[in-house]
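# Topology and contacts: notes
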Amino acid sequence: MASPLDRTDGPTGSVVARLDRPRSDERTRLAVVADPHLSTEASGTSKLFERTEEHVAAAVADAAERDADALLSVGDITKDGEPWNFDRFDELIADLDVPFYSVPGNHDVPKAGYDHENLPMAAFAERYTPDGQGFPFHVAVGGIDVIGVNTAGTEEWLYDSHAGTVPEEQLAELDDLLAAAETPLVLAHHNLPAMSEQVHDHRDLAEPDMFVPPEMDDPEPFVETLERHDTPLLLTGHLHMPSAAEQGSVRELMMPTTCSFPQGYCLVDVGPEGTEVRFVPVADFDGMVVGHRERSTDSVTARGLTAMAAARLAQFPLVEE
């Protein structure tokens, strides 16, 4: 298929959002991947499992060329928390010259019904949090205070559910980290209610039979903590599409997935003028067409989420402050 678009000498991706905050005197670029669902053995489904390694490799290689100061993930690194898939992911990022940090997604943590041993959450924290801090974590990247929260669970909590929550002990630590942060940017996997409500709205408008993916349980204490410290930006994943929402005073941007339509990652540039977020595809035009076909025909829910993703791509930038 001949591509109708040639971006060879064009700008890096498409603008998702231009935000007044966060701001930093030190220009900082963060590359953010969401929901890679990397699998070395599975194939098929709308997640294009057989292409997940290729998509992760493309994102990592592109981010390295864009002089990112860190590579971040908002979770669901693996298909379902398999240790061998984490090992393969680590091989794909091994040559990065910048640090990688991640929060877990609901498919990274142990869940009832899996027929394999998951990577323990202690091992996840040792690999993917700064100096093995655990959650919540804090690390300074350029002029940004990156703070990561585990909304997905462990062997002890949310084992029987793919919903999200932030336990009290994490909230207390998060409160302290936000109080000390000058320019916080928070990472979490699950979405705040205002973002989840977009799925409800789309279901009511266009897809009455679609299933609403797992949401956060008792999100109010988490939202109140973010608001109390005037947190300028929360980055999430989970629903496999770019989108924007406001929950009270908290701005949430949902990062697109690398695995399924619209296959891509985001560059987050923070400077004195504010923050610009760009979407960078990790598949060529033909691959994007395949991704759209596979996701839109996978199920009623996948069809609805694909339509939501396509509508948001058509409306870039989603925020212009």
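Scroll up to find the structure.
In what follows, the accompanying structure is described.

Reading the values: rules and limits
Residues numbered from 1 in each chain as written. Predicted model: local features only at pLDDT ≥ 70, side-chain atom pairs only at ≥ 80, totals over all residues. Heavy atoms only, no water. Axes fitted to C-alpha atoms, helices over the stretch in contact; angles between N-to-C directions. Helix = DSSP H or I, 4+ residues; strand = E, 2+ residues; numbered from the N terminus. Left-handed = near helix turned anticlockwise from the far one by under 90°. Contact = heavy atoms within 4.5 Å. 1 Å grid on protein atoms, 1.4 Å probe; cavity = no way out; pocket = protein on both sides within 12 Å on 5 of 7 lines; lining within 4 Å. Points joined across faces, edges and corners; volume = space filled by probe spheres on them. Pairing = 2+ DSSP bridges. Core = buried A, V, L, I, M, F, W, Y, C linked by side-chain atoms within 4.5 Å. Buried < 20%, exposed > 50% of the residue type's maximum accessible area, 1.4 Å probe, protein only.

This part is about the packing of helix H1 (residues 52–65) against helix H2 (residues 83–92). Following both chains from N to C, one finds H1 and H2 inclined at 30°, their axes separated by 10 Å at the closest point. Where H1 crosses over H2, the two elements pack in a sense that is right-handed. Packed against H1, whose contacting residues are Glu53, Val56, Ala57 and Val60, the element H2 presents Arg88, Phe89 and Leu92 at the interface.

Right, let's talk about the layout of surface pockets for a bit. There is about 440 Å³ of room inside the second largest pocket. Taken together, 23 residues line the second largest pocket, and the ones lying closest to its centre are Lys47, Pro213, His240, Thr301 and Leu305. Looking at the lining of the second largest pocket, the element that brings in the most residues is helix H8 (residues 300–314), giving three residues.

Right, let's talk about the sheet that holds strand E4 (residues 100–102) for a bit. What the seven strands build is an open sheet, ordered E4-E3-E2-E11-E12-E1-E13; its pairing is mixed. Looking at which strands have only one partner, the edges of the open sheet turn out to be E4 and strand E13 (319–320). With three bridges connecting them, strand E3 (residues 70–73) and E4 associate as parallel partners. Bridge pairing links leucine 71 to phenylalanine 100 in E4. Its contacts with the sheet place H1 against strand E2 (28–33), E3, strand E11 (264–271) and strand E12 (274–281), and it is angled at close to 25° to E11.

A few words on the nonpolar core. Core analysis: the largest hydrophobic core is formed by 58 residues, its most contacted members being Leu30, Val146, Leu187, Leu235, Leu253, Met255 and Tyr265. Here the element with the most residues in this core is E11; it accounts for five residues. Dropping the residues within four chain positions of it, leucine 235 is found in contact with Val32, Val74, Leu185, Val186, Leu187, Ala188, Leu253, Met255 and Val268. Counting 16 residues, the second-largest nonpolar core is a separate cluster that includes Val149, Val166, Phe222 and Val250.

Here lysine 111 is to be found in the loop between E4 and helix H3 (121–128). The residues touching lysine 111, leaving out its near neighbours within four places in the chain, are Asn106, Ala152, Leu158, Tyr159, Ser161 and His162.

Next up on the list: unusual backbone geometry. With an omega of 0°, the peptide bond between arginine 21 and proline 22 qualifies as cis. Cis geometry is found at the peptide bond from phenylalanine 261 to proline 262, where omega equals 0°. Phi at histidine 37 is positive, roughly 50°, even though this residue is not glycine. With relative accessibility at 1%, the residue histidine 37 sits in the buried group.

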